[in-house]
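# Residue-level structure breakdown
Next come the chains, spelled out residue by residue.
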Amino acid sequence: MHHFNYSGGHLHCEGVSLETVAGDVGTPCYVYSSATLVRHANVIAEAFRGQSVLIAYSVKANGNLAVLATLAAQGCGADVVSGGELMRARKAGIPASKIVFSGVGKTAAEMALALEQGIHQFNVESAGELRLLSEVAVKVGRDAPIALRVNPDVAAGGHPNISTGKSGDKFGVPWGEAEALYAEAARLPGIRTVGVDVHIGSQIGDLTPMRAAFEKVVTLALRLRGQGHDIRRIDVGGGLGIPYKDGDAPPPPTAYAAMIAEVTAGHGFEVILEPGRVIAGNAGVLLTTALYEKQAPDRTFLIIDAGMNDLIRPALYGAHHDILPLAEPDAGHARKTYDVVGPICESTDKFASERELPEVAPGDRLAFMSAGAYGAVLSSAYNARPLVPEVLVNGDRYDIIRRRPTFEEMTGLEHVPEWLTMEA
Ligand code: LLP
């Protein structure tokens, strides 16, 4: 469910016409719906009512401060994977006590920062990381609450580039080594074991692999308790899929919550969730303007002003995003099949192949739907294109929550050595 609908012939985000935003901010630009973010956070909280749960929104999906502040106001915590994401979450008002720190490559400086902030939990992914965390914790003088992220060797079934729970993936502690590492954790100074963590992948459309992984994790947690470890928490990661097009039917949060309740029942675990896409994905769109139509012998290219630097998911994962015109086409509007491409000098700068759309004229504005997660966060300034701006709508008002940088700002961190300017 989202709040992007046609009204009076124009696509709106809540009460705001996207034509108005595009005219004001220019394209390309991202637009997010507050009501959709809030609704998604609440649907998840509602589904888990009665379970002891921390919803640690996965900041990597969309880390804009205004998005984080919207979710903080709903009581969400945060799942972070860098010192930068940790500081973003804190700056947006998320208390450290609701923050979990994931990721395979935490540095000593990031560990010290997180310890000083007093975060809820470190999700530790290797023996080396555990030992370094122990050293840093002793130095900082604060115990590190840890869960080991275990690799359950379960295939998530989604796109291979976003599947993380098979034994060949770089993520998590190998299943067979987990118990020995928990035993080592118990001996290490500065380490306080609190749970077990797992995350098997993203855009998962079926609960079966999740259930298989979580059942394994609960069995392990109980065995660890038997060995004297204080395992109070199960962190099940993120990964719940969303509909990107008609016919996609990912499991609803209610079914996901019921499955987790069933798998963890009776053991008094605190459940930690790390949802990213399911909260932010359908809460955002990318607006673009059609520039040219170009006829090739076997296809028609629609060249638009957004590029793979603005939305890389199609180039990186072959991801599908629905494309809707901002002006609602009437019933008799002609349809045409396009390859929709951007202005970047790369052949992978293609958003859709052979996509049938209502016929588009240069100057028409379009929206890429379901672009709220892994959209703006993955954008770059490749080809010296300004970083794409972001807008947040709330009812019938909107604000620019990241503006387009000026050329001076884009080049402001660069420096031409004196020897070059002197020789010039
Ligand atoms: N927790 C951990 C440890 C993760 O690695 C991720 C995502 C999440 C939670 C959140 O997963 P979600 O609920 O959003 O599925 N760029 C890719 C997705 C990469 C996901 C990375 N990890 C895409 O655009 O599809």
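Please read these numbers as outputs of a predicted model, since none were measured by experiment.

## Quick notes on the overall build of the protein
Across its full length, the protein holds 13 helices and 21 strands. The globule rule puts the C-alpha radius of gyration for 424 residues at 22 Å, and the 23 Å found for the protein is close to it. In terms of overall dimensions, the protein has a C-alpha envelope of 70 × 65 × 45 Å along the principal axes. Across the 424 residues of the protein, 52% fall into the buried class. Sequence separation of 24 or more characterises 69% of the internal contacts of the protein that already satisfy a separation of 6 or more.

## Description of the environment of Ala319
With respect to the helices and strands, the residue Ala319 is situated in the loop between helix 11 (313-317) and strand 16 (323-325). Separated by 32 residues in the primary sequence, Ala319 and Phe351 place their C-alpha atoms 8.3 Å from one another. Among residues more than four places away in sequence, those in contact with Ala319 are Arg313, Pro314 and Phe351.

## Some points on the packing of aromatic side chains
The description of an aromatic ring pair uses the distance of the two centres, along with the angle that the planes make with each other. Evaluated as defined, the whole model comprises four aromatic pairs. Above the plane of the ring of Trp175 lies Lys216, whose end atom (NZ or CZ) is 4.8 Å from the centre.

## Examining the pattern of salt bridges
Within this structure, the stated rule accounts for 21 salt bridges. Arg233 is the partner of Glu270 in a salt bridge, and the nearest nitrogen-oxygen pair spans 3.5 Å. Residue Glu270 is found in strand 13 (residues 270-273), and its partner Arg233 is found in strand 12 (residues 233-235); the two are separated by 37 residues along the sequence. On the basis of relative accessible area, Arg233 is assigned to the buried category, the value being 9%. A single network of salt bridges, built from pairs that share partners, joins Asp298, Arg299, Asp339 and Lys350.

## Examining the environment of Thr254
The topology assignment puts Thr254 in helix 9 (residues 253-264). Note: C-alpha distance between Thr254 and Gly372 (118 residues apart in sequence) is 22 Å.

## Describing the domain arrangement of the protein
Split into domains, the protein comes out as domain 1 (4-31 + 281-411) and domain 2 (103-273). Placing a centre on the C-alpha atoms of domain 1 and another on those of domain 2 gives a separation of 36 Å. Each side of the interface is counted separately: domain 1 has 10 residues, and domain 2 has eight residues. Summed over both partners, the interface of domain 1 with domain 2 comes to about 760 Å²; 52% of that surface belongs to carbon and sulfur atoms. When residues of domain 1 are sorted by the area they lose upon contact with domain 2, Asn282, Tyr317 and His320 head the list and together hold 53% of the total. Where domain 1 meets domain 2, there are zero salt bridges. Linking domain 1 with domain 2 are one residue pair in polar contact (both at pLDDT 80 or more). When its residues are assigned to classes, the side of domain 1 that touches domain 2 shows three nonpolar, five polar and two charged.

## With respect to the packing of helix 4 (residues 83-91) against helix 5 (residues 108-117)
For the pair helix 4 and helix 5, interaxial distance at closest approach is 9 Å and the crossing angle is 25°. With respect to their mutual orientation, helix 4 and helix 5 come out roughly parallel. Between helix 4 and helix 5, the residues in contact are Gly83, Leu86, Met87 and Arg90 and Glu110, Leu113, Ala114 and Gln117, respectively. Residues belonging to the contact of helix 4 with helix 5 are distributed by class as follows: four nonpolar, two polar and two charged.

Cut-offs used in this document
Residues numbered from 1 in each chain as written. Predicted model: local features only at pLDDT ≥ 70, side-chain atom pairs only at ≥ 80, totals over all residues. Heavy atoms only, no water. Helix = DSSP H or I, 4+ residues; strand = E, 2+ residues; numbered from the N terminus. Rg over C-alpha atoms; globule rule 2.2 N^0.38 Å. Buried < 20%, exposed > 50% of the residue type's maximum accessible area, 1.4 Å probe, protein only. Contact = heavy atoms within 4.5 Å. Phe/Tyr/Trp six-rings, centres within 6.5 Å; stacked < 30°, edge-to-face > 60°. Lys NZ or Arg CZ within 6 Å of the ring centre and 35° of its normal. Salt bridge = Lys/Arg side-chain N within 4 Å of Asp/Glu carboxyl O. Domains from an automatic or database assignment. Buried area = accessible area lost by both parts, 1.4 Å probe. Polar contact = N/O pair within 3.5 Å; in protein donor to acceptor, adjacent residues only side chain to side chain. Nonpolar A, V, L, I, M, F, W, Y, C, P; charged D, E, K, R; others polar. Axes fitted to C-alpha atoms, helices over the stretch in contact; angles between N-to-C directions. Parallel < 35°, antiparallel > 145°, perpendicular 65-115°, else oblique.

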